[in-house]
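# Secondary and tertiary structure notes
Single-letter residue listing:
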Amino acid sequence: MNIRTLGLSGLDRDEEIIFRQLFDAVNEPGWALSPENDAGVLLIDFDSMYGQMTWLRAQGGPRPIVALTAGARADASLILKRPVSEKALRDLLRKLVNVVPQEATSASIQDAPPPASISESVATAAPEPEAANEEPVSPRSRVLLDFLMPTALAGPARLRNAVPPLAIDVSGGTYLGGVPLKPLGVHCGHALEDSAWEPLTAAEFSALQAELGEPQPLARLLWLAGLNGYGGQICPVLAAAQRF
């Protein structure tokens, strides 16, 4: 049987189960779900931290990638907006027919159990240390980069007592903090909690432009936060052996 395959990456366990049920309900002929490493097209949760890292790794690869997002400014040519409807998923699959080649298979890929999440895959792929060498792992402190992810903050926010000042609007894809990037580097490596941010209304964010200057593209701040956020070490969710 010749089919086209869709792989899921970065979704949390509950949403993946819901998506699989939706996929079954759509029942688009010639399509099946497949493990992400084998799929002809990859659907990535653009709103999660792991999804963002997978997105960076997948750029420039041979297969099409689709951004699953609740936001409005995903930098992708193929976007599936959440919450996902049957119509939206069906329209996407029909659109992909022209760009995803068919694959020959002798069994129903969709009958396979749901793949583990990315964090689970990393855990099972890594060799288990000897019991005598096991040490408790402390949760990683969040840094500025974590708060630039689409679902980290509910809306525009200002970093409290920040020098130089910084305000971000992730859903709008902009930040306020002046044109020069280098001064903002001091905010990138510090551990931050939710309480470090002062929520703003859209009007308050706009009013800050008189103080902080014109809005700048959030992509500039993402680049800076990724460069300076981990003290010269590779981002914890990326594999050290991976080439980028």
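As shown above, the structure is provided for reference.
Below you will find a few notes about this structure. (Residues numbered from 1 in each chain as written. Predicted model: local features only at pLDDT ≥ 70, side-chain atom pairs only at ≥ 80, totals over all residues. Heavy atoms only, no water.)

With that settled, the discussion passes to the overall build of the protein chain. Along the protein chain, the regular secondary structure elements total eight helices and eleven strands. Here the protein chain holds 244 residues, and 41% of them are scored as buried. If you sum the accessible surface of the protein chain, you get close to 13800 Å²; carbon and sulfur atoms cover 54% of it. (Helix = DSSP H or I, 4+ residues; strand = E, 2+ residues; numbered from the N terminus. Buried < 20%, exposed > 50% of the residue type's maximum accessible area, 1.4 Å probe, protein only. Areas by Shrake-Rupley, 256 points an atom, 1.4 Å probe, with all protein chains shown as cover.)

Across the ten residues of helix α2 (residues 49-58), seven count as buried, placing the element largely inside the fold. Of the positions making up α2, those classed as buried are Met49, Gly51, Gln52, Met53, Thr54, Trp55 and Ala58.

The next thing to look at is the pattern of salt bridges. Tallied over the entire structure, the rule returns ten salt bridges. The shortest N-O distance in the salt bridge between arginine 82 and aspartate 47 comes to 2.8 Å. Highlighted residues: arginine 82 in the loop between β5 (79-81) and α3 (86-96) and aspartate 47 in the loop between β3 (41-45) and α2, separated in sequence by 35 residues. Here arginine 82 falls in the buried class, since its relative accessible area comes to 17%. Residue aspartate 47 is classed as buried on the basis of its relative accessible area of 4%. With its nearest N and O atoms 3.8 Å apart, the salt bridge here joins glutamate 193 to arginine 142. Note that glutamate 193 is positioned in the loop between β9 (174-176) and β10 (197-199) and arginine 142 in the loop between α4 (118-125) and α5 (144-147), a separation of 51 residues in sequence. (Salt bridge = Lys/Arg side-chain N within 4 Å of Asp/Glu carboxyl O.)

A separate point is helix α1 (residues 13-26). Relative to the 20 Å expected for 14 residues at 1.5 Å per residue, α1 spans 20 Å between its end C-alpha atoms, a close match to the ideal helical length. Among all positions of α1, only Glu16, Phe19, Arg20, Leu22, Phe23 and Val26 are buried. Taken end-on, α1 shows its buried residues confined to a sector of 160 degrees, consistent with a single buried face. Seen from the buried face of α1, the exposed residues on the opposite side, beyond 90 degrees, are Asp14, Ile18 and Gln21. (Expected span 1.5 Å × (residues − 1). Arc of directions from axis to C-beta.)

This paragraph deals with the sheet that holds strand β8 (residues 167-169). The five strands are arranged β10-β7-β8-β9-β11 in an open sheet whose pairing can be described as antiparallel. Edge positions in the sheet fall to β10 and β11 (216-217), since each of these pairs with one other strand and no more. Of the pairings in the sheet, the one linking strand β7 (residues 157-159) to β8 comprises two bridges and is antiparallel in character. Across the sheet, arginine 158 pairs through a bridge with alanine 167, a residue of β8. (Pairing = 2+ DSSP bridges.)

Note that aspartate 45 resides in strand β3. Given the relative accessible area of 6%, aspartate 45 is considered buried. Dropping the residues within four chain positions of it, aspartate 45 is found in contact with Ser9, Gly10, Leu11, Glu15, Gly51, Gln52, Leu68 and Arg82. (Contact = heavy atoms within 4.5 Å.)

The next thing to look at is the environment of threonine 174. For threonine 174, the location among the structural elements is in strand β9. Placed 46 residues apart in sequence, threonine 174 and arginine 220 show a C-alpha to C-alpha distance of 9.1 Å.

Membership of the largest hydrophobic core comes to 26 residues, with the highest contact counts inside it found for Leu144, Ile168, Tyr175, Trp197 and Leu221. Those elements giving two or more residues to this core turn out to be α2, α5, β7 and α8 (218-228). Considering each element in turn, this core owes the most residues, four residues, to α8. Residues within four places of leucine 144 in sequence aside, it is in contact with Leu166, His187, Cys188, His190, Leu192, Trp197, Leu221 and Ala225. Grouped together as the second largest cluster of nonpolar side chains are 20 residues, Phe19, Leu68, Leu78 and Leu80 included. (Core = buried A, V, L, I, M, F, W, Y, C linked by side-chain atoms within 4.5 Å.)

These values are about where atoms sit, not about what they do.
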